[in-house]
Amino acid sequence: CPAGTFGKTLGLKDKSCSGYCDKGYYCEEGSTSRQNAPCPAGRYGGVNGLQNSSCSGPCKEGFYCEVASVSATHLACGGYNYYCATGSKLPTLVSEGHYSIGGNSKYARTSEKVCEEGFYCRYGEKISCPAGSYGATKGLSVDYSNETQQYYTMSDIGVRAASPTVSPPANM
């Protein structure tokens, strides 16, 4: 049987054989099952009769596809703490000191970006530094404040200062 079809019975000569392989699967020439080979993770098979492991194409950014997926948007990536580039097999955890960006919702993020000065990032979200404190370093990943202390980094001298009475210099 030609690629995209399968033959359950030996000796079939008809071009369509027993039928087309199922969505989410592909059939190379000579296949004997409608589910001969699953589309690999990160790709999807949205139509019957696919002929190779490229299937219908890669999953859409913001989503991931497990083995034998039938849609480019099979599973949303997750929350702010995950992102999925085009063709993702699984969600990627946002790196420490980064936040997730892109996508059309918090559940379908597409990339990550380093946290800018004046912010800290936790679990893939960018959060403004609390009043009276300032993060002068890119990539901060924790909130350096609590009820008794206020922390900030001073980029002009390269030292982290801690004092409830110290304010950042005006140029920060």
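Shown above is the structure to which this text applies.
The written sequence of each chain sets the order in which its residues are numbered from 1. Where local features are concerned, this predicted model is filtered to residues with pLDDT of at least 70; where side-chain atom pairs are given and counted, the filter is 80 or more; whole-chain, interface and lining totals use all residues. Side-chain descriptors were evaluated using all non-hydrogen atoms of the structure, hydrogens and water having been removed beforehand.

Regarding the environment of Tyr107
Only runs of H or I of at least four residues qualify as helices and only runs of E of at least two qualify as strands under DSSP, and these elements are numbered from the N terminus. Mapping Tyr107 onto the fold places it in the loop between strand 11 (98–101) and strand 12 (111–114). Only protein chains enter the accessibility calculation, which uses a 1.4 Å probe; a residue is then buried when its area is under 20% of its type maximum, exposed when over 50%, and partly exposed in between. The exposure class of Tyr107 is partly exposed, given its relative accessible area of 46%. For the pair Tyr107 and Tyr83, spaced 24 residues apart in sequence, the C-alpha to C-alpha distance is 8.4 Å. Once residues within four sequence positions are removed from consideration, Tyr107 is found in contact with Gly62, Ala76, Cys77, Gly78 and Gly79. Contact between two residues is taken to exist if any of their heavy atoms lie within 4.5 Å; hydrogens are not considered.

Quick word on the environment of Cys1
Note on placement: Cys1 falls in the segment before strand 1 (5–6). Expressed as a C-alpha distance, the spacing of Cys1 and Thr32, which sit 31 residues apart in the sequence, is 8.5 Å. Look past the residues within four positions of Cys1 in its chain and what remains in contact with it is Phe6, Gly7, Cys17, Glu29 and Gly30.

Description of the nonpolar core
To define a nonpolar core, start from buried Ala, Val, Leu, Ile, Met, Phe, Trp, Tyr and Cys residues and group those joined through side-chain atoms within 4.5 Å. Tyr26, Ala37, Cys39, Leu50 and Cys55 form the largest nonpolar core, which has 5 residues in total. Ignoring any residue separated from it by four or fewer positions in sequence, one finds Ala37 in contact with Tyr25 and Tyr26.

Structural notes on the pattern of salt bridges
Take a side-chain nitrogen of Lys or Arg and a carboxyl oxygen of Asp or Glu: if they are within 4 Å of each other, that pair is a salt bridge. According to the stated counting rule, one finds 3 salt bridges in the structure shown. A salt bridge links Lys113 to Glu116; the shortest N-O distance between them is 3.5 Å. A relative accessible area of 40% means that Lys113 is categorised as partly exposed. Here the residues in one salt-bridge network are Lys113, Glu116 and Lys126, joined through shared partners.

Some points on the state of the cysteines
Here, the term disulfide refers to a pair of cysteine sulfur atoms separated by no more than 2.5 Å. Within the structure shown, the criterion is met by 5 disulfides. Covalent S-S linkage joins Cys59 and Cys65, the inter-sulfur distance amounting to 1.7 Å. Each of the two residues, Cys59 as well as Cys65, counts as buried. The disulfide partner of Cys77 is Cys84, and the gap between their sulfur atoms is 2.1 Å. With the S-S bond torsion at 85°, the cross-link from Cys77 to Cys84 turns out right-handed. Judged by relative accessible area, which is 3%, Cys77 ranks as buried. What connects to what in the chain, once the bonded cysteines are numbered by sequence position, is 1-2, 3-4, 5-6, 7-8, 9-10. Its sulfur unpaired, Cys27 is 3.2 Å from the next cysteine sulfur, which belongs to Cys21. Between Cys129, a free cysteine, and Cys115, which holds the nearest cysteine sulfur, the sulfur-to-sulfur gap is 7.8 Å.

What is shown is where atoms sit, not what they do.
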